[in-house]
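# Architecture and fold: a report
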Amino acid sequence: MEERNKYSFGGFGGFGRNTFTIEPDEATSVQTLFSIAGGARDHTRIVKNLSTRMSVEKKTSPAAQSNLEPQWRNVEWTDEQKTSLMKTVSSYRPTCEDVTQARILLLGPLSSGKSSFISSVQSVFNGRVTNRAMVGSNSTSFTKKLQSFNICGKKGEDPSGLVLCDIMGLGDGEKIGLTLHDILSVVKGHVPEGHKFSPDQPVRSETMGYVKRPSQKDKIHCVAFVVDASKVLTYPKGLKTTLQQLREHISDLGVPQVALLTHIDQICPETAKDVSQVYKSRIIRDMMGKAGALLGMSTSYIVPVKNYSSELDLDVNNDVLLLSAVDHILQYADLYFQDNTTQYTESL
C-alpha cells in the first residue's frame, strides 16, 4: 500500500504541550490542514475538526469527483476497428479524376503538434513508433519549409491517396511565424515543394519554383487546424483574431476546414491512463468547446487526438483515435472534390 503524507502539529493535551501527527485523506489540501490546526486548542479538537473537514472535502473536492460521463461519441476500440480504418485510409482515392492524392494542410500555432501528428499517423502504418517529421521546441518551429508526406499503406504497398502537408507554425503577435499571405499562397497551390519560408521574403511570382497556374493537384483540398489542448486557455489574444481571419479567407477559397485538438492527455488524467476514455471525458468535451470558440468553429468539426511522443510501442486504442481523425479529415476533403467536380461539370 502506498504511504500517505503525514503532518505534525503542536497542541495542548491533558498533560501539557504535545506534538500530534495526522495522516489525512489524499483529497485534503495543505491549506485545510493548517487552518484546522490553527483553530484547535488540543489534539482532540484537531482530530475532530480534521475528520469533519475531510468528510466535507471528500464530497465536494473536484479531485474526488469523476471527470467521466456517458460516452458522447461512438467509437469501437478494437483491433478489428483499427484494421478497418487502416484499410479505409490506405485505399482512399479522390473522387476527382484529375487528382490522385488529397492534399491536407496542417495549420496551427508553434508547437501545437502538427509534425507529431504526421509522425504518429505514419507510425500506425509502419507498425512501430517513428519520427520522420521533425518536431520543434515550445518556442520555435523546426519546420521552416513546405513538406509533403505520403501516407503509405502497410510495408510494400503503394502510397495512399492522402498527403499530409507540414509548414511553419503560425505567428501570434509575440512569436514570428507564417504570414497570412504565404499561407493563402500554399492553399492556392502557388508554393513549390520544399520552399523555405521567411517573414522577410514573402512568396511572390518571382519566387523560385513559383507555380503560376496551379492545377487541382497542386492545391490544398482540406485544412486541418491543430491546437494544443493544454494551451487553449493561455494562447495570446491576437491568435484568435489570426485564426478566424485565416478561416474566413480559406472559406472564401471553397476549402473545407476541420480541427485537431492535441495533447489531450495533458489535461485529462483519465485519458492519459486510457485513451479510450476520451469520449467520456467532461474535461475534453469542455475544452473542445473552448477550442471551437478560439477557431470560430462548431465542435462537430473538431476531433481530439493523442500523438505519440515518448512511447516506444503502439497502442491499439490510440491508433484507432488517430485513424478516426484521418478518416474525419478525408470526409471533408471529399466535399471539396464533390463541389469542384460539380463546378467543373457545370462549366462544360
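Structure: see above.
The shown structure was predicted, so the numbers you read here are calculated from the model rather than taken from an experiment.

Cut-offs applied
Residues numbered from 1 in each chain as written. Predicted model: local features only at pLDDT ≥ 70, side-chain atom pairs only at ≥ 80, totals over all residues. Heavy atoms only, no water. Phe/Tyr/Trp six-rings, centres within 6.5 Å; stacked < 30°, edge-to-face > 60°. Helix = DSSP H or I, 4+ residues; strand = E, 2+ residues; numbered from the N terminus. Buried < 20%, exposed > 50% of the residue type's maximum accessible area, 1.4 Å probe, protein only. Polar contact = N/O pair within 3.5 Å; in protein donor to acceptor, adjacent residues only side chain to side chain. Pairing = 2+ DSSP bridges. Axes fitted to C-alpha atoms, helices over the stretch in contact; angles between N-to-C directions. Contact = heavy atoms within 4.5 Å. Expected span 1.5 Å × (residues − 1). Arc of directions from axis to C-beta. Right-handed = clockwise from strand over helix to strand, strands pointing away.

It is worth spelling out the packing of aromatic side chains at this point. Inspection of the entire model under this criterion finds three aromatic pairs. On the basis of an interplanar angle of 50 degrees and a centroid distance of 5.4 Å, the ring pair of Tyr 301 and Tyr 332 is categorised as tilted. Of this pair, Tyr 301 sits in the loop between helix 8 (282–295) and strand 8 (302–304) while Tyr 332 sits in helix 9 (residues 316–347), and the two are 31 residues apart along the sequence. Measuring from ring centre to ring centre gives 5.6 Å for Tyr 336 and Phe 337, while their planes differ by 85 degrees; the resulting arrangement is edge-to-face. What makes Tyr 336 buried here is its relative accessible area of 4%.

Here Asp 166 shows up in strand 5 (residues 159–166). Within polar-contact distance, the side chain of Asp 166 engages the side chain of Ser 115 at 2.5 Å.

Strand pairs in the sheet, formed through backbone hydrogen bonds, run parallel or antiparallel to each other. The strand order 4-5-3-6-7-8 describes an open sheet built from six strands, whose pairing is mixed. Two strands in the sheet have a free side with no partner beyond their single neighbour: strand 4 (147–152) and strand 8. Across the sheet, the mean angle from the axis of one strand to that of its neighbour is 25 degrees, orientation sign disregarded. In the packing of helix 6 (residues 237–252) onto the sheet, the strands contacted are strand 3 (102–107), strand 6 (222–228) and strand 7 (257–262), and the crossing angle to strand 6 comes to about 170 degrees.

For helix 6, built from 16 residues, the straight-helix expectation of 22 Å at 1.5 Å per residue is met to within 8% by its first-to-last C-alpha distance of 24 Å. Along helix 6, the residues classified as buried are Leu 239, Leu 243, Leu 246, Arg 247 and Ile 250. Along the axis of helix 6, the buried positions cluster into a sector of 100 degrees, meaning they face one direction only. Helix 6 presents Lys 237, Glu 248 and Asp 252 as exposed residues on the side facing more than 90 degrees away from its buried surface. Where helix 6 is buried, its residues contact strand 3, helix 5 (180–188), strand 6, strand 7 and helix 8.

Turning to the pairing of strand 7, a few remarks are in order. Of all six residues in strand 7, six are buried; the element is thus mostly enclosed. Side chains Gln 257, Ala 259 and Leu 261 of strand 7 all project onto a buried face; the interleaved residues Val 258, Leu 260 and Thr 262 project onto the opposite face, where all are buried too. In this sheet, strand 7 lies alongside strand 6 in parallel orientation, the contact comprising six bridges. Pairing of Ala 224 across the sheet is with Val 258, part of strand 7. Handedness of the crossover joining strand 6 and strand 7 through helix 6 is recorded here as right-handed. Bridge count for strand 7 against strand 8 is three bridges, and the pairing is parallel. Its bridge partner being in strand 8, Leu 260 is matched across the sheet by Val 303.

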